[in-house]
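# Understanding the architecture of this molecule
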Amino acid sequence: MTKLIFERPIIQQINAGLPSKYGMSHKLEPISHIDNVSIKSLIESYGSPLFIISESTIRKTYKNAFRAFSSRYPKVQFAWSYKTNYLNAVCNVFHQEGSWAEVVSGFEYDKALKNGVPGDLIIFNGPDKSREDLAKSIKNSSLIHIDHFDELYEIISLTKEIEVKPKVAIRVNMDTGIYPRWDRFGFNYENGEAWDALNRIMANKKLDLLGLHTHIGTYMMSTDAYKIAASKLAELAVRLQQKHGHVLQYIDMGGGFASKNTLKGAYYPGTDTTPSFDDFAEAITSALMSSEIKPDNLPLLILENGRALIDDAGYLAGSVLANKRLADGRRATIIDAGVNILFTAFWYEHDIRPVEPVSEQTEDTTIYGPLCMNIDVIRGNIMFPLLKKGDQYVIKRVGAYNNTQWLQFISMRPNVVLLDANGKPHLIRKNETLETINSQELTPEHLKNFDL
Ligand SMILES: *Cc1c(COP(=O)(O)O)cnc(C)c1O
């Protein structure tokens, strides 16, 4: 008989579910179903880990956001932020709901066109628009949001070659009381650069100045910042009318509303602290309505929200690979989804739950991903039930930025399924395989063989 390996005994407080002098226990309710579809059955059919996106949640969230704005302001238009989640099926749900497309690269621009978005309903943002991108978007009558003077001059030079008059807006950055300030995109308001750019555009006459744009940051918790931003854009609009007799067609307030995820280090959960769409809408529309813009000239209000519209609709489900004790006796649970596919684990304390009811006992646990990298931590510390190898977990609110920022690193990116309104699953992005990766690689002839 082989001798058993000695394991150092440890004493660890286990939370057994009863209230103690520290208050109620931290019981994590299991989540077994999404839109009445069993997560276990989805993992059986599509593998582990697996992204699951709820179409009903997207539509419900969108309708709620649209109602918040359109009930307060006469003309409202949303434009879906492609970089937040540009899986075509997801984009098309937003387009079916009425959203235009908001893109920040030539690649995203082409993706929107291919999805069938008419060129004149694509908003082209960002500092990286090549001459070819600009030429194409001018010909398509897309809305080009100019980021810097070099881009303005490039567009002006293109007007000599292209018959179509470019439709432009400028992006404006400003002090909204949020620091660090996002002043690297667009033209600054306080130092007069934005006003300078507007005057140059008006003087040129070859450009069609349609609007003003800002995007003040991301995961913004302050509705006041939007109020300040909207007032400053309204003031520019008024000055344009006073000096040039020019009436703008739209004001685009960008995106950036916080989702209900909890930021790392936050004291209260995001579900308690994130302002609602109504709160943001009240701040923005009251700033526009009470500005000096004449009621007949009120511009179309465009919103480019990403995160707040899609985060709730995305789930990441998978399986526990192992449990172990760290050197100090701390419990560690290793799951099959790492930070390479859950990039937002760097910012958020993600809400992770067991899929099936497990023991009432919880213990302070670190949840690691499967990567051979020290940074691969999904939750640094969480009172977590004692899941066993093979048990399943699900992580809530992962719809924003993960399906675009994920990396093929050490392991492959998994399947993504969309549950339609009837709960029918549709595979919307296939998992990668070795062939996917190798198809992009070329091995020089002299490196094809070796003898070991
Ligand atoms: C990223 C981005 C958005 C969307 O931001 P969210 O924080 O996801 O709402 C909107 N507009 C611009 C210009 C962006 O760069």
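What you see is a predicted model, and the numbers here were worked out from it, not measured in a lab. Within every chain, residues take consecutive numbers counted from 1 along the sequence as written. The model is predicted, so local features are restricted to residues of pLDDT at least 70 and side-chain atom pairs to those at 80 or more, both for listing and for counting; the totals for chains, interfaces and linings are taken over all residues. Excluded from the side-chain calculations are hydrogens and water; all other atoms, namely the structure's heavy atoms, are used.

This part is about the pattern of salt bridges. Any Lys or Arg side-chain nitrogen found within 4 Å of a carboxyl oxygen on Asp or Glu counts as a salt bridge. Taken as a whole and judged by the stated rule, the model has 23 salt bridges. Asp312 is the salt-bridge partner of Arg397, the closest N and O atoms lying 2.7 Å from each other. Of this pair, Arg397 sits in the loop between strand S18 (392–395) and helix H12 (402–405) while Asp312 sits in the loop between helix H11 (307–310) and strand S13 (314–325), and the two are 85 residues apart along the sequence. Only protein chains enter the accessibility calculation, which uses a 1.4 Å probe; a residue whose area is less than 20% of its type maximum is buried, one above 50% is exposed, and one in between is partly exposed. A relative accessible area of 24% means that Asp312 is categorised as partly exposed. Across the pair Arg413 and Glu432 runs a salt bridge whose closest N-O atoms are separated by 2.8 Å. Highlighted residues: Arg413 in the loop between H12 and strand S19 (416–419) and Glu432 in the loop between strand S20 (425–429) and helix H13 (434–438), separated in sequence by 19 residues. Residues Arg413 and Glu432 agree in their burial class; the two are buried. Put simply, Glu55, Arg59, Lys63 and Glu97 are held in one network by salt bridges that share partners. Secondary structure follows DSSP: runs of H or I at least 4 residues long count as helices, runs of E at least 2 residues long count as strands, and numbering of each begins at the N terminus.

This part takes up the domain arrangement of the protein chain. As far as domains go, the protein chain holds domain 1 (33–52 + 313–431) and domain 2 (55–311). Domain boundaries shown here were taken from an automatic or database domain assignment. Spacing between the C-alpha centres of domain 1 and domain 2 amounts to 33 Å. At the interface, 24 residues of domain 1 touch 25 residues of domain 2. Accessible area that two parts lose when put together, with a 1.4 Å probe and added across both, is what the buried area reports. At the boundary of domain 1 with domain 2, total buried surface from both sides reaches about 2,200 Å², with 53% on carbon and sulfur atoms. There are 0 salt bridges connecting domain 1 and domain 2. Any pair of nitrogen or oxygen atoms within 3.5 Å is treated as a polar contact; in protein, a donor-acceptor pairing is required on top of that, and neighbouring residues in sequence qualify only through side-chain atoms on both sides. If you look at where domain 1 meets domain 2, you find 16 residue pairs in polar contact (both at pLDDT 80 or more). Mapped by element, the contributors of at least two residues to the side of domain 1 that touches domain 2 are H12, S19 and S20. Looking at the side of domain 1 that touches domain 2 element by element, the count peaks at 3 residues for S19. Side-chain classes are defined by residue name, with Ala, Val, Leu, Ile, Met, Phe, Trp, Tyr, Cys and Pro counting as nonpolar, Asp, Glu, Lys and Arg as charged, and the others, Gly among them, as polar. Residues of the side of domain 1 that touches domain 2, tallied by class, amount to 13 nonpolar, 5 polar and 6 charged. Note on contacts: a residue pair qualifies if any of its non-hydrogen atoms lie within 4.5 Å across the two residues.

Tracing the chain through its elements places His145 in strand S7 (residues 143–146). Judged by relative accessible area, His145 falls into the buried class, the value being 1%. In terms of polar contacts, His145 uses its side chain to reach the side chain of Asn125, at 2.8 Å. There is a polar contact of 2.7 Å between the side chain of His145 and the side chain of Tyr250. Among all residues touching His145, those that are not within four sequence positions of it are Ile123, Phe124, Asn125, Lys129, Glu151, Ala169, His213, Tyr250, Asp252 and Glu304.

Throughout this description, the term nonpolar core refers to a set of buried Ala, Val, Leu, Ile, Met, Phe, Trp, Tyr and Cys residues connected via side-chain atoms within 4.5 Å. Judged by nonpolar contacts, the single largest core of 105 residues is most densely connected at Phe69, Ile170, Met253 and Ile284. Counting residues per element, this core draws most heavily on helix H8 (residues 223–244), which supplies 10 residues. Among the domains, domain 1 (33–52 + 313–431) and domain 2 (55–311) are the pair contributing at least three residues each to this core. Beyond its immediate chain neighbours, meaning those up to four positions away, Phe69 contacts Val76, Phe78, Phe257, Phe277, Phe280, Ala281, Ile284, Thr285, Leu301 and Leu303.

Okay, the packing of aromatic side chains next. Each pair of aromatic rings taken from Phe, Tyr and Trp, with Trp reduced to its six-membered ring, is defined by centres within 6.5 Å and is described as stacked if the planes are under 30 degrees apart, edge-to-face if over 60, and tilted in the remaining cases. Applying the stated criterion to the full structure yields 21 aromatic pairs. Judged by centre distance (6.1 Å) and plane angle (15°), the rings of Tyr62 and Phe66 are stacked. Taken together, the residues span about one helical turn, with Tyr62 and Phe66 both in helix H2 (residues 55–70) at a distance of 4 residues. Given the relative accessible area of 30%, Phe66 is considered partly exposed. When the centroid spacing of 5.0 Å and the interplanar angle of 85° are considered together, the rings of Tyr267 and Tyr268 count as edge-to-face. Residue class for Tyr267 comes out exposed when judged on its relative accessible area of 75%. Among the aromatic residues, those joined into a cluster by ring pairs are Tyr62, Phe66, Phe69, Phe78, Trp80, Phe94, Tyr226, Phe257, Phe277 and Phe280. Here Lys129 stacks its cationic end above the ring of Phe124, 5.7 Å away from the centre of that ring. Only Lys NZ and Arg CZ are tested; either one counts as a charge over a ring when it is within 6 Å of the ring centre and within 35 degrees of the ring normal.

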